[in-house]
Amino acid sequence: EAAVTQSPRNKVAVTGGKVTLSCNQTNNHNNMYWYRQDTGHGLRLIHYSYGAGSTEKGDIPDGYKASRPSQENFSLILELATPSQTSVYFCASGDAEGNSDYTFGSGTRLLVI
Amino acid sequence: GDSVTQTEGLVTLTEGLPVMLNCTYQTAYSTFLFWYVQHLNEAPKLLLKSSTDNKRTEHQGFHATLHKSSSSFHLQKSSAQLSDSALYYCALAPSSFSKLVFGQGTSLSVVP
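Keep in mind it's a predicted model, so treat the numbers as computed, not measured.

Engineer: Quick rundown of the pattern of salt bridges? Include the residues and the values.
Structural biologist: Using the criterion set out here, one finds six salt bridges over all chains in the structure. K49(B) is paired through a salt bridge with D101(A); the nearest N and O atoms lie 3.7 Å apart. On the criterion of chain membership, the pair formed by K49(B) in strand 6 (residues 45–50) and D101(A) in the loop between strand 9 (87–94) and strand 10 (103–104) is interchain, its members lying in two chains. Residue classification places K49(B) among the partly exposed positions, given a relative accessible area of 31%. Classification of D101(A) as partly exposed rests on a relative accessible area of 22%. A salt bridge links E58(B) to R56(B), with the nearest nitrogen and oxygen atoms 2.9 Å apart. By relative accessible area, E58(B) is classed as exposed at 53%.

What follows is the structure in structure tokens.
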């Protein structure tokens, strides 16, 4: 069954440390997305990708990097984690067509202390 | 720019009463509109979508009609159930090859 899998499910990180969130999709979708979800803000787009080797800045990219080494994998990297990056992070995949709905992963809950 | 507005942050309903969650949007393009539902500690999932003006779209007891004249895509259900308690997102695809634009979400709480 086609799916989007995120790892880890939960992560505790130290301020100033490096954090990598991973996402793998078996949907063969071209596009992948990273969102963070915070109460009162809904889903906010951090980075996205149109295919292997491509990354684009979303609406709130500061403090985050992304990497898309293959069609299936899309990582979100926090080089210097800060407590303000404590959040729930969702990865999603979608076809290139605008009418394509997204398939979301189950989320990664990140706590930066 | 393209935007989606969900005016209610939190809606609390008694079981059995009708549900209506508001969604309006702004875009210069022909569009697809979506509703996603997210239950507690789960991923958002597609509930329904539409691009056809004035056509009712239904799924899992919910329905919505895209009205391009008023730029609206309200989500409705005739009778709320406890299991409908969730976070609901309205989203817009402004055009082909555009990424989705999400509203801020409406949290629906159905109480006995």
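Engineer: Outline the sheet that holds strand 8 (residues 62–65) of chain B, listing residues and values.
Structural biologist: Residue and element names in this part refer to chain B. One open sheet holds the four strands; their spatial order is 3-9-8-7, and the pairing between them is antiparallel. For this open sheet the edge positions go to strand 3 (19–21) and strand 7 (56–59), each flanked by a neighbour on one side alone. Sheet twist, expressed as the mean angle between neighbouring strand axes with direction ignored, is 20 degrees. As paired strands, strand 7 and strand 8 are joined by four bridges and run antiparallel to one another.

The rules behind these values
Each chain carries its own residue numbering, running from 1 in the written order of its sequence. To read the labels, note that chains go from A and ligands from 1, taken in the order they are written. Local features in this predicted model are restricted to residues of pLDDT 70 or higher, and side-chain atom pairs are both shown and tallied only at a pLDDT of 80 or more, whereas totals for entire chains, interfaces and linings draw on every residue. Side-chain metrics in this entry use all non-hydrogen atoms of the structure; hydrogen atoms and water are not considered. We count a salt bridge whenever a side-chain nitrogen from Lys or Arg sits within 4 Å of a carboxyl oxygen from Asp or Glu. Helix numbers and strand numbers start at the N terminus; a helix is a DSSP run of H or I with at least 4 residues, a strand a run of E with at least 2. Each residue's exposure class comes from its accessible area (1.4 Å probe, protein chains only) as a fraction of the maximum for that residue type: buried when under 20%, exposed when over 50%, partly exposed otherwise. Two strands pair under a simple rule: DSSP has to find at least two bridges between them. To obtain an axis, a line is fitted to C-alpha atoms, over the contacting stretch when the element is a helix, and the angle between two such axes runs from 0 to 180 degrees between their N-to-C directions.

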